[in-house]
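# Descriptive structure summary
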Amino acid sequence: QVQLVESGGGLVQAGGSLRLSCAASGRTFSSYAMGWFRQAPGKEREFVAAIRWSGGNTYYADSVKGRFTISRDNAKNTVYLQMNSLKPEDTAVYYCAATMVFTTYADEYDYWGQGTQVAVSA
C-alpha cells in the first residue's frame, strides 16, 4: 500500500516556475514507477511525466517537454516535478501516481494522491 500527498501548487505568472512534491508512505516506494498527471476544468486527465523506480528513465508529454523535469529521491520517498516557463494552459490540478509498470496510461497506475492546484495567470 502506498499513500501519496502532493504539495507545492499555487498561483504563478506566465513564465514563472513551481516545484511540486509528492511524498509517499510505504516501505516499497522505490519499487514503483511514478507519474504526474493533470486535469484542467472540463477536460480529461492527461499524462504529464513519468520516471522509473531507479530514476534512470523519464518520459514527458510533448506539451511539457523541455519545460518540466521529473525527478525522485528514494531515500526521502519523494518525487518532484520542476515546472519552468509556465503557460496559462498549464493551469490544472496536478496529481502524482504510483505504478509497477513504467507507463503513460492512467489506468495502469495503482495509487493516486489527492492533487494540488496550479494556476498560471497571463
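Residues numbered from 1 in each chain as written. Predicted model: local features only at pLDDT ≥ 70, side-chain atom pairs only at ≥ 80, totals over all residues. Heavy atoms only, no water.

Further remarks concern the overall build of the chain. For the chain, the helix and strand inventory stands at 0 helices and 11 strands. Starting at the N terminus, the α and β elements of the chain follow one another as β-β-β-β-β-β-β-β-β-β-β. In terms of overall dimensions, the chain is globule-like: its C-alpha atoms have a radius of gyration of 13 Å, near the 14 Å expected for 122 residues. Each of the three principal axes of the chain carries a C-alpha extent, and together these read 40 × 25 × 25 Å. Relative to its 122 residues, the chain shows a buried fraction of 43%. (Helix = DSSP H or I, 4+ residues; strand = E, 2+ residues; numbered from the N terminus. Rg over C-alpha atoms; globule rule 2.2 N^0.38 Å. Buried < 20%, exposed > 50% of the residue type's maximum accessible area, 1.4 Å probe, protein only.)

A few words now on the state of the cysteines. Under the definition given, this model contains 1 disulfide. Covalent S-S linkage joins C22 and C96, the inter-sulfur distance amounting to 1.9 Å. Linking C22 and C96, the disulfide has an S-S dihedral of approximately 50° and is accordingly described as right-handed. Pair noted here: C22 is in strand β3 (residues 18-25) and C96 is in strand β9 (residues 92-99), with a separation of 74 residues, a long-range link. For C22, a relative accessible area of 0% corresponds to the buried category. By relative accessible area, which is 0% here, C96 ends up buried. (Disulfide = S-S within 2.5 Å.)

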